[in-house]
Amino acid sequence: QVHLVESGGGLVQAGGSLRLSCLGFGSILRFAAVGWYRQAPGKQRELVASITRGGTTNYADSVKGRFTISRDNAENTVDLQMNSLKPEDTAVYYCYADVISSYSRYWGQGTQVTVSS
């Protein structure tokens, strides 16, 4: 079964760090553009960071300089290193993979990140 499994969410104080990891099964990430969305209660889901198969990254303005997305195609993982966390970063974070060859987007189950003041 092709799916994504996330880990690394939790509770952290403002200024702290978390590292989210997403594991893709079925070698899905190797053939996909991947990234992370987040959604806070009452807000739209927003793209936080993405990385192409070629390694080109994009970040939301709100996280530039604080978050780093990376991928390891051999391990079928994509990580999001989150530093200098702010309370406004509190959200459920979702890993996604766009498998272009099959016109499919896959999602992780979501991982709660809570940043306290």
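All of the points below concern the structure found in this document.

What counts, and at which threshold
- Sequence order as written defines residue numbering, which begins from 1 separately in each chain.
- For this predicted model, a pLDDT threshold of at least 70 governs which residues receive local features, and a threshold of 80 or more governs which side-chain atom pairs are given and counted, while totals over whole chains, interfaces and linings are taken from all residues.
- Note that the side-chain values use all heavy atoms of the structure and ignore hydrogens as well as water.
- Where helices and strands are cited, they refer to DSSP runs of H or I of at least four residues and of E of at least two residues respectively, numbered from the N terminus.
- Within these notes, the globule rule equals 2.2 Å times the number of residues to the 0.38 power, and the radius of gyration is based on C-alpha atoms.
- Residues belong to a common nonpolar core when they are buried Ala, Val, Leu, Ile, Met, Phe, Trp, Tyr or Cys residues joined through side-chain atoms within 4.5 Å.
- Burial here depends on accessible area, computed with a 1.4 Å probe over protein chains only, as a share of the maximum for the residue type. Under 20% is buried, over 50% is exposed, and the range in between is partly exposed.
- The pairing criterion for strands is at least two bridges between them, as found by DSSP.
- Fitted lines through C-alpha atoms serve as axes, helices being fitted only where they are in contact, and the angles separating the N-to-C directions of these axes extend from 0 to 180 degrees.
- Ring pairs are drawn from Phe, Tyr and Trp, using the six-membered ring of Trp, whenever the two centres fall within 6.5 Å, and their geometry is named by plane angle: stacked under 30 degrees, edge-to-face over 60, tilted for the rest.

### Comments concerning the overall build of the protein
Reasoning step 1: On a plain count of helices and strands, the protein comes out with zero helices and 11 strands.
Reasoning step 2: Ordering the α and β elements of the protein from the N terminus gives β-β-β-β-β-β-β-β-β-β-β.
Reasoning step 3: In terms of overall size, the protein behaves like a compact globule, its C-alpha atoms giving a radius of gyration of 13 Å where 117 residues would be expected to give roughly 13 Å.
Reasoning step 4: Dimensions of the protein along its principal axes, counting C-alpha atoms only, are 45 × 25 × 25 Å.

### Some points on the nonpolar core
Reasoning step 1: Residues Trp 36, Phe 67, Val 78, Leu 80, Met 82 and Tyr 93 are the most contacted members of the largest nonpolar core, which totals 29 residues.
Reasoning step 2: Among the elements that make up this core, the one with the highest residue count is strand E9 (residues 91-99) (five residues).

### Here we look at the sheet that holds strand E7 (residues 67-72)
Reasoning step 1: What the four strands build is an open sheet, ordered E1-E3-E8-E7; its pairing is antiparallel. For this open sheet the edge positions go to strand E1 (4-7) and E7, each flanked by a neighbour on one side alone. Sheet twist, expressed as the average angle between the axes of neighbouring strands with direction ignored, equals 15°.
Reasoning step 2: Pairing of E1 with strand E3 (residues 18-24), which is carried by four bridges, proceeds in the antiparallel orientation. What sits directly across from Val 5, in E3, is Leu 23.

### A look at the packing of aromatic side chains
Reasoning step 1: Going through the model one piece at a time under the given rule, you end up with four aromatic pairs.
Reasoning step 2: Measuring from centroid to centroid gives 6.4 Å for Tyr 94 and Trp 107, while their planes differ by 85°, and the two rings are edge-to-face. Taken together, the residues span a long stretch of sequence, with Tyr 94 in strand E9 and Trp 107 in strand E10 (residues 104-107) at a distance of 13 residues.
Reasoning step 3: Using a relative accessible area of 32% as the deciding quantity, one classes Trp 107 as partly exposed.

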